[in-house]
Structures are given as C-alpha cells and as structure tokens.
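Next come the chains, spelled out residue by residue.
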Amino acid sequence: MDMSAQKKARWGVAASLLCAGWVSAGEKLSEPHLNVVPRATQEQVRIDAILQPPTDFSKPEVFEVLSAGAATVSRRMDGQVFSRHAENLPENQRLDFELGRAMFEKLWVASPSSTRASDGLGPFYHARSCGSCHVNDGRGFAGTDGLLIRVSVPDGDGGTMPHPTYGGQLQHKALSGMQAEFQLGIRYDEGSVALAGGESADLRVPSYDLDLRQGPLGDGAMISARVAPAMIGLGLLEAIPSETILALADPEDANNDGISGRANVVTSAEYGVPMLGRFGHKATLPTVSEQAAAAFSADLGLSTPLFPWHWGDCTEVQQDCRTAPHGGDPEREGLEVDSRAMGVVALYSRNLGVPARARVDDPEVLRGKELFHVSGCVGCHTPKHVTHRLDGGGTGSFQLIWPYTDLLLHDMGDGLADGRPDGLATGREWRTAPLWGLGLVAQAGGQQGYLHDGRARTVLEAVLWHGGEAGPAKEKVVAMPPEDRAALLAFLESL
Ligand code: HEC
Ligand code: HEC
C-alpha cells in the first residue's frame, strides 16, 4: 500500500458525511461487523419499557447488579478483576480466548530473532506488548507507557493528516542503533476548587515537554495525550445498535437541554463504508478488531492483514526505519501478525467480562444514583442499553447492559480541550467515557487515574474537570452538601 492509501486507511473520515453535516436520529449507518437479527415491533416495545428511567430510587432496578447482562463476571477483588472472560463465552471459544490473551501479553522482540513468532517489533514503537499499556486489561496511567501522544497537521483542506516526519504518533522507543522520535516529560500545575460545605479539591493541569529528536514539529502541529482505556465489555459496546446511539444524538441541541451529543462517523478501513465511531477517546474507530489492528501498527510497529506495512507509524522521510529488517514470515501470510493471530486478539479484546456491581441496594449508593440522575449526568452517561440480537448468538447478543455512556462526542470545555480535531470530533469534544468498572481502577492498575490523559487522581477530580456541555452538571456537584457528594461518589465507586 502506498503512503496515500495508508494515510486514507488510518485517517479515514467520511468526507461526504462531513460535508452533509452531522448524522442524527432517524438515520441509519451500516453495521457490517454484526449479523443483526432485526427487532420485531413487539420486541422493541418491550425493550423501550425496560429502558425507561427509574422513578423509585429506594431499591435497585431489575438486573441492575448485572452490569453486562449474562456476560457479567463476579467482582472478585484481585488484580485480575478485569481479566476474566465473559461469563457466557461459549466453551468452544475459551481456548482461542486464552491464545488471544497470550498474544495480548506477549513481549515482542526485534527482528531477526530466534523466536520467529514474536519478532518484528518497531522499528519505532511505544511499548512491547498490548498489556504494557492496558495494565491487567484495565486502563493505562500518565507517567507510564500507558500514555501516548498523537500528532497531526492541517491538510490544507479543512481536515488533518499525520505529521510528515513523525507520522500519527510520537514514538518514545526505537530498536537499538536507531534513535527514538522523542522523550516525554509531564509537568503539572496545581490549582484548587472550593466546594460547598467548606470542602475543597486540588486539580492538576498537565503540560507536555516534548524532547524531539528529529526536528521541531513546526507551525500548526497539534498533539493529543491519551491513556489506554480499560478493555472490559468492548464486544457489548460494539453491539449497541447504531440507531440507538444516533437517536441520542442532538447535534443542534434541538431539545434545548444544553447537551448536544454528536456521532463520529468514520470510514472503516476493514469494510470501506461509513460506520459509527465507537472506540478511542474521540470515537474514531468503528470496531474492536480495527482498533486492535491499528494498535499493532501504531503502538508496536507490527503488520496485520488490515495494515500490512511492516514499519508501523514510520513515514516516507524515515527511510532507515522503513527499510530495517522486519518479522514478516512467508509461513504467516508474509506478516508479523497473521489473520489467525489477529482473530484471537480480536476475540480476546471483545470478550473480557465486566464485573458485577457492588452495594447495589445500599441506601447511600441508591441516594448517589438518584443524584447522578437529577444532576444531569445521565444526559451523556446513558445508564443502560439493550444490544442487538445477533445471528449465531455470541456473548454480546441481546443483553441488557449498564455501561453509562451514549458513545457520543461532547464539548467538554476549555479545560479538557486538546485543540486537535480527530475525524468529525473537534478539538473540544470527547466521547462519553463508559463508567462501568470505575470503582475497580486501582484494583486492576495498582493506582488511580481518570480522564483521557489520566490527569485526574480521584473520581471527584474527574467530575470537577467537566465543563462545556457538562458544566451545569459539574456545578451541581460543587454546590452539593458534603454528604450528597459522598453519596454520589459511593455510587460511582460501586460501578
Ligand atoms: C502505547 C500504549 C498502548 C498499547 C501498546 C496498546 N494500546 Fe490499546 N489503546 C491505547 C490508547 C491510548 C487508546 C485510546 C486511543 C484513542 O483515544 O484514540 C487505546 C484504545 C484501545 C481500544 C479501544 C478501547 C475503547 O474503549 O475505546 C482497544 C480495543 C485497544 N486499545 C486494544 C489494544 C490491543 C489489542 C493492543 C495490542 C495489539 C493495544 N491496544 C496496545 C494505548 C495502547
Ligand atoms: C455533556 C456530557 C457529560 C455530562 C453531562 C457528564 N459527563 Fe462525565 N464524562 C463525559 C465525557 C465526554 C467524559 C470523558 C472526558 C475525558 O476523557 O476527558 C466523561 C468522563 C467522566 C468520568 C471519568 C471516567 C474515566 O473513565 O476516567 C467520570 C467519573 C464522570 N464522567 C462522571 C460524571 C458525573 C458524576 C456526571 C454528573 C455530575 C457527569 N460525568 C456528567 C461526558 C459527560
């Protein structure tokens, strides 16, 4: 594939949809990744009834404890709390799931090497395994490999494209004999927010020192720091009907609630059609397998059937990188990660179970849940969805799930803006983060860290960073009496 095809594949924005404006309710996007069994009218009526918001907060809703329906796993408090396969994963897929886990945890090495099945890393790369960023299948943290820096420049046509020298991502590692693209330093400025009831919270504002080794980025270059999100429940997020998401979108804020919500629509590299973006902090990728293939390429420098070039994110300018030895193997389709290996990684990535809720009937948690509803958090963090019924079943088929996201983009204000558009997402918009598993972040990762760049050290800090469309909801949290704020946090920790 030449550079322009590579660029298009990685930077695939549905140009026609961009011109036409935002897609919204009533429109349809194709879902070639799923074998959808259409819903009968009767079934839709039942689903609409189940999805009604609660009116009684004195007890939990039916099935609320099962965050991922039949795919829910037990909330066992150990480091592997995010690492178990979905409870309903069929027996005959469990071996492939474990093979997928081995690929996810595998430490790749430089090529040539005696371990032919594990070579081909880089030449430029960010980490040696998927698992070094998605720690214990959970999220990554600022100050570790789990945070990466995206980069782009204006394409002169109103859009953006990868940087001509550095590509789409700055790589802080390189094979021996080559110079990594940069080293990262993070500085934090501390500020304090006063809360009602005499409380206060400290917020830290990150700034990034880029020690660039291949020349300055130049005028107009834009960067975005991102931490790896948790890997749980992704097959379920992939199976929420696009219509459901588009019905929640309100691009012009027609209902005047101050919350718009827009869908990112991207051209799928795998299917070549416009699809709903669901994955990544700006919802830039439509499927789990496409996101996983993009990670092999950009983060590890490994070729897959979808992105078959061996040099990962190296640009035409970086010829030494492009011509370095690689791990492409004739016995593996000439690739470093062949279709079989890619298949098991995708299976693994789709089927990590979501732990059950904690304290679901505890009065303080129920009070917090009520505050979550009345404060307007549910305007974006949509509590529950019913996934598509899929032909042939599968762990994601027809489940009532509680991810607390609309998968839409929202303007979150200046404080969180990265100023770097991504697909249809502007430099102020982020995808509503799913909140399931929120109370288990430290359990899996050994530390806390929230928001797209891990700046928030506690859940409360994450909430206090909300601005833009989420400003009014944040203000309610600031103004709450301390015992209400504690109840809201108890609810969030129970997810
Ligand atoms: C350098 C750290 C890093 C490595 C290595 C890495 N990831 Fe990620 N991963 C990220 C970041 C950062 C994001 C969010 C990307 C964005 O916002 O566009 C992400 C997002 C994802 C998502 C989407 C999750 C969601 O909720 O949106 C999946 C799936 C994923 N990665 C799978 C993988 C797989 C599979 C591998 C190994 C082939 C891998 N990742 C390797 C950092 C990493
Ligand atoms: C206008 C939409 C919107 C509203 C309203 C909103 N949020 Fe969010 N929330 C988001 C988005 C978008 C993100 C991701 C922001 C980022 O990563 O920078 C997020 C992130 C979070 C996170 C961090 C999640 C993580 O994984 O790091 C928490 C916690 C959270 N929200 C709680 C709340 C609570 C509590 C409320 C109500 C007081 C609320 N949100 C209201 C859109 C919203």
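A. Seen up close, the coordination of the iron atom of ligand 2. Around the iron atom of ligand 2, the protein contributes the donor atoms His381 (NE2) and His466 (NE2), at 2.0 Å from the metal centre. Seen from the iron atom of ligand 2, its six donor atoms lie at angles of 86 to 179°, and the figure they make is octahedral. Of the two residues, histidine 381 is situated in the loop between α10 (363-374) and β12 (385-386) and histidine 466 in the loop between α12 (459-464) and α13 (471-479); the sequence distance between them amounts to 85 residues. One exposure class covers both histidine 381 and histidine 466, and it is buried.

B. Molecular detail of the coordination of the iron atom of ligand 1. Within the protein, just one atom coordinates the iron atom of ligand 1: His134 (NE2), at a distance of 2.1 Å. By the secondary structure assignment, histidine 134 is in the loop between β2 (124-125) and β3 (147-154).

C. Representation of the environment of proline 434 in the model. Topologically, proline 434 is positioned in the loop between β16 (429-431) and α11 (441-445). Counting along the chain gives 228 residues from proline 434 to proline 206, while the straight-line C-alpha distance between them is 23 Å. Discounting chain neighbours no more than four positions away, the residues touching proline 434 are Leu237, Pro403, Tyr404 and Thr405.

D. Expanded view of the site of ligand 1. Within the structure, ligand 1 sits among 28 residues, and Cys130, Cys133, His134, Gly280 and His281 are positioned closest to it. Measuring from an oxygen atom of ligand 1, one finds a backbone N or O atom of histidine 281 at 2.8 Å. At a separation of 3.3 Å, an oxygen atom of ligand 1 approaches a polar side-chain atom of arginine 431. Listed by contribution, the elements that provide at least two residues to the shell around ligand 1 are β3, β9 (222-227), α7 (288-300) and α9 (339-350). Looking at which element gives the most residues to the shell around ligand 1, the answer is α7, with six residues.

E. Region of interest: the side chain of glutamate 64. Tracing the backbone shows glutamate 64 in the loop between α3 (41-50) and α4 (94-105). The exposure class assigned to glutamate 64 is buried, which follows from its relative accessible area of 1%. Not counting residues up to four positions away in its chain, the partners in contact with glutamate 64 are Arg357, Val360, Lys369, Trp402 and Tyr404.

F. Molecular detail of the site of ligand 2. The immediate surroundings of ligand 2 are formed by 28 residues, with Cys377, Cys380, His381, His452 and His466 found nearest. At 2.8 Å, a backbone N or O of leucine 451 approaches an oxygen atom of ligand 2. Within the side chain of histidine 466, one N or O atom sits 2.8 Å away from a nitrogen atom of ligand 2. Those elements that provide at least two residues to the shell around ligand 2 are β16, α12 and α13. Element by element, the count of residues in the shell around ligand 2 is highest for α12, at three residues. Its residues assigned to classes, the shell around ligand 2 shows 19 nonpolar, six polar and three charged.

G. Looking closely at the pattern of salt bridges. By the definition in use, this model includes 30 salt bridges. In this structure, arginine 367 and glutamate 370 form a salt bridge, with 3.8 Å as the shortest nitrogen-oxygen distance. In this pair, arginine 367 and glutamate 370 both sit in helix α10, three residues apart, roughly one turn of the helix. Look at arginine 367 and you get partly exposed, because its relative accessible area is 35%. With a relative accessible area of 28%, glutamate 370 lands in the partly exposed category. Residues arginine 455 and aspartate 453 are paired through a salt bridge, measuring 2.9 Å at the closest nitrogen-oxygen approach. Across the pair, aspartate 453 and arginine 455 agree in class, each one buried. Via salt bridges that share partners, Glu61, Glu64, Arg357, Lys369 and Lys384 belong to a single interconnected network.

H. Fine view of the state of the cysteines. This model, assessed by the stated rule, comprises one disulfide. What pairs with cysteine 314 in a disulfide is cysteine 321, and their sulfur atoms sit 1.8 Å apart. Around the S-S axis, the bridge from cysteine 314 to cysteine 321 shows a dihedral of about 70° and counts as right-handed. Taking relative accessible area as the criterion, cysteine 321 reaches 1% and is therefore assigned buried.

I. Region of interest: a nonpolar patch on the surface. A cluster of nonpolar side chains, namely Val62, Phe63, Val65 and Leu66, defines an oily patch on the protein surface of about 370 Å² accessible area. Tracing the chain through its elements places leucine 66 in the loop between α3 and α4.

J. Focus on the pairing of strand β8 (residues 199-212). Sheet analysis places strand β7 (residues 182-195) next to β8, joined by 14 bridges and oriented antiparallel. By the bridge assignment, leucine 195 is partnered in β8 with glutamate 199. Between β7 and β8, which pair antiparallel one after the other, the connecting turn spans three residues, and glycine 197 there sits at a positive phi close to 85°.

K. A look at the domain arrangement of the chain. The domain architecture assigned to the chain consists of domain 1 (3-142 + 225-493) and domain 2 (147-224). Between the C-alpha centres of domain 1 and domain 2 there is a distance of 22 Å. Facing the 42 residues of domain 1 at the interface are 44 residues of domain 2. Seen at the junction of domain 1 and domain 2, the total is two salt bridges. The residue glutamate 190 makes a salt bridge to arginine 457 at a minimum N-O spacing of 3.2 Å. The interface formed by domain 1 and domain 2 holds 26 residue pairs in polar contact (both at pLDDT 80 or more) in total. Counting only elements with at least two residues in the side of domain 1 that touches domain 2, the list comes to α1 (3-10), β2, β9, α7, α8 (319-322), α12, α13 and α14 (482-493). Among the residues forming the side of domain 1 that touches domain 2, the class breakdown is 24 nonpolar, five polar and 13 charged.

Conventions we followed
- Think of each chain on its own: its residues are numbered from 1, step by step along the sequence as written.
- Written order determines the labels here, with chains lettered from A and ligands numbered from 1.
- Only residues with pLDDT of at least 70 get local features here, since the model is predicted, and only at 80 or more are side-chain atom pairs given and counted; chain-wide, interface and lining totals rely on the full set of residues.
- Remark: hydrogens and water are excluded; side-chain values derive from all non-hydrogen atoms of the structure.
- Because water is not among the atoms used, a metal site may look incomplete, as its donors are only the N, O and S atoms within 2.8 Å, or 3.2 Å for Na, K and Ca.
- For four-coordinate sites, all angles between 85 and 135 degrees define a tetrahedron; for four- and six-coordinate sites, opposite donors beyond 155 degrees with the remaining angles between 65 and 115 define square planar and octahedral shapes respectively, and all other cases count as irregular.
- Secondary structure counts use DSSP, requiring at least four H or I residues in a row for a helix and at least two E residues in a row for a strand, with both numbered from the N terminus.
- Classification of residues uses two cut-offs on accessible area relative to the type maximum, computed with a 1.4 Å probe and protein chains only: under 20% is buried, over 50% is exposed, and between them is partly exposed.
- The contact criterion used throughout is that any non-hydrogen atoms of two residues lie within 4.5 Å.
- It suffices for a single heavy atom of a residue to lie within 4 Å of a molecule or strand for the residue to be listed as near it.
- Under this definition, polar contacts are N or O atom pairs within 3.5 Å; protein pairs additionally need one hydrogen-donor-capable and one acceptor-capable atom, and for neighbouring residues in sequence, both atoms have to be side-chain atoms.
- Ten residues, namely Ala, Val, Leu, Ile, Met, Phe, Trp, Tyr, Cys and Pro, are considered nonpolar, four, namely Asp, Glu, Lys and Arg, are considered charged, and the remaining ones, Gly among them, are considered polar.
- By definition, a salt bridge exists where a carboxyl oxygen of Asp or Glu is found within 4 Å of a side-chain nitrogen of Lys or Arg.
- Put simply, a disulfide is two cysteine sulfurs that come within 2.5 Å.
- Without a salt bridge and with relative accessible area above 30%, a residue can belong to a patch; like charges are then joined within 9 Å and nonpolar side chains (Val, Leu, Ile, Met, Phe, Trp, Tyr) within 5 Å.
- Residue burial considers only the protein chains on display, and all accessible areas are found by Shrake-Rupley using a 1.4 Å probe.
- A pair of strands is treated as paired once DSSP finds two or more bridges between them.
- Domain limits in this description derive from either an automatic procedure or a database domain assignment.

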